[in-house]
Amino acid sequence: MKKLVSLLLVALMVLVGSFCVAETTIDREVTIGVACFSLQAEFPATINEAIAEYVVELGLSDKVKLVSVDGQADTATQVSQVDNLIAQGVDGIILLPMDADGSIPCVLAAKEAGVPLVVCNGSVNTEVDSCVKSNDTVAGNLEMAYLAEQIGGEGQIAILHGPNGISAEVLRRDGYAEVLANYPGIEIVAEPCCNWSREEGMTTTENLLQAYPELKCIVAQNDEMAMGALQAVKDSQADVIVGGIDAIADAVAAVRSGELSCTVFQDAVGQGRGSLDQVLSMLNGNEGVDIDIPFILITAENVDEYFPAA
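Residues numbered from 1 in each chain as written. Predicted model: local features only at pLDDT ≥ 70, side-chain atom pairs only at ≥ 80, totals over all residues. Heavy atoms only, no water.

A. Geometry of the side chain of Gln78. Mapped onto the fold, Gln78 is located in helix α3 (residues 75-87). Residue Gln78 is classed as buried on the basis of its relative accessible area of 1%. Here the side chain of Gln78 touches Leu96 through a polar contact of 2.8 Å, landing on its backbone oxygen. Apart from the residues lying within four places of it in its own chain, the contact partners of Gln78 are Ala35, Cys36, Phe37, Gly71, Leu95, Leu96, Pro97, Met98, Ser103 and Cys106. (Helix = DSSP H or I, 4+ residues; strand = E, 2+ residues; numbered from the N terminus. Buried < 20%, exposed > 50% of the residue type's maximum accessible area, 1.4 Å probe, protein only. Polar contact = N/O pair within 3.5 Å; in protein donor to acceptor, adjacent residues only side chain to side chain. Contact = heavy atoms within 4.5 Å.)

B. Structural context of the packing of aromatic side chains. Scanning all chains against the criterion turns up one aromatic pair. Ring geometry for Phe265 and Phe307: centres 5.2 Å apart, planes at 85°, overall edge-to-face. Here the residue Phe265 occupies a position in strand β10 (residues 263-265), and Phe307 occupies one in the segment after α11 (303-306), the gap between them amounting to 42 residues. Both residues of the pair, Phe265 and Phe307, count as buried. (Phe/Tyr/Trp six-rings, centres within 6.5 Å; stacked < 30°, edge-to-face > 60°.)

C. Broad picture of the pairing of strand β5 (residues 130-133). Two elements, strand β4 (residues 117-120) and β5, share three bridges in a ladder whose sense is parallel. Bridge pairing in β5 links Val118 to Ser130. Strand direction decides the pairing type here: β5 and strand β11 (residues 291-292), joined by two bridges, are parallel. If you follow Lys133 over to β11, its bridge partner there is Asp292. (Pairing = 2+ DSSP bridges.)

D. Fine view of the pattern of salt bridges. Under the criterion given, the structure shown has 11 salt bridges. Put simply, Lys111 and Asp129 hold a salt bridge, and the shortest N to O gap is 3.5 Å. Of this pair, Lys111 sits in helix α4 (residues 104-113) while Asp129 sits in the loop between β4 and β5, and the two are 18 residues apart along the sequence. Taking relative accessible area as the criterion, Asp129 reaches 27% and is therefore assigned partly exposed. (Salt bridge = Lys/Arg side-chain N within 4 Å of Asp/Glu carboxyl O.)

E. Summary view of the packing of helix α2 (residues 42-57) against helix α10 (residues 268-283). Interaxial distance between α2 and α10 falls to 8 Å at its minimum, and their mutual angle equals 50°. Looking at the two axes, α2 sits oblique to α10. As α2 packs across α10, the resulting crossing turns out to be right-handed. The segment α2 lies against α10, with Phe43, Thr46, Ile47, Ala50, Ile51, Tyr54, Val55 and Glu57 engaging Ala268, Val269, Gln271, Gly272, Arg273, Leu276 and Asp277. For the contact of α2 with α10, the per-class residue count stands at nine nonpolar, three polar and three charged. (Axes fitted to C-alpha atoms, helices over the stretch in contact; angles between N-to-C directions. Parallel < 35°, antiparallel > 145°, perpendicular 65-115°, else oblique. Left-handed = near helix turned anticlockwise from the far one by under 90°. Nonpolar A, V, L, I, M, F, W, Y, C, P; charged D, E, K, R; others polar.)

See below:
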């Protein structure tokens, strides 16, 4: 599946004209820090794994040492970890930011130390050397447009948010708003924060189903929360549809079985590989560039096209 994902990434990036060939090699030993906002959630963990696998694939295991750190979904922890990576003398950093504002000190510290830094899978509200991510507003558009049609353009919905202020949370909500402007019959009855957590998604949805018996749809900003919500819906046998974003393995399986209405494919492998390409390119003296990797709506109609069953 990972090979399929990577091939899909290349094809898509060529189509949108955003593909940039970087120098995927290095002629000296370097240490690259990978600062993930969390390694407990599947998506960032997959990015981290993809970076490590790409080093091996490129034949650079004897040249590139990776040091991965887990920010434990805490901005202060991530800032401290980046400071420590810089103090340890890393040559480059790949940052999966916890917060668009809170992660600014990470970028500024790297700039002051002269350490190339690539922002991956998010945004930071300051100038960065390079950013490899997908447009989260588009993800929100795709998810909400599909779910709105599934409920006939009217009825009560609830939105499960990621941590407040994270770029993905803000931009996906902006994407929802753009779509909902065309559906005056849809009422948002609740927008709780579930912190990207499957457990919080489940317990919150249990409460929502009791509070809003006319609820038609749960719109989750990521698949972890969507899968928790789906479990609560199944347990209660409620007639409520659920959608998510990221296309993690559980969500893809649930779409294939007809239990999850949709997910939106965000290419974790492509983001990880693209980030390593960029940091190596900058270590070779090139300027960093921004890379946008398109999202794709995944439903029962096309799931086998993008994720063939084993």
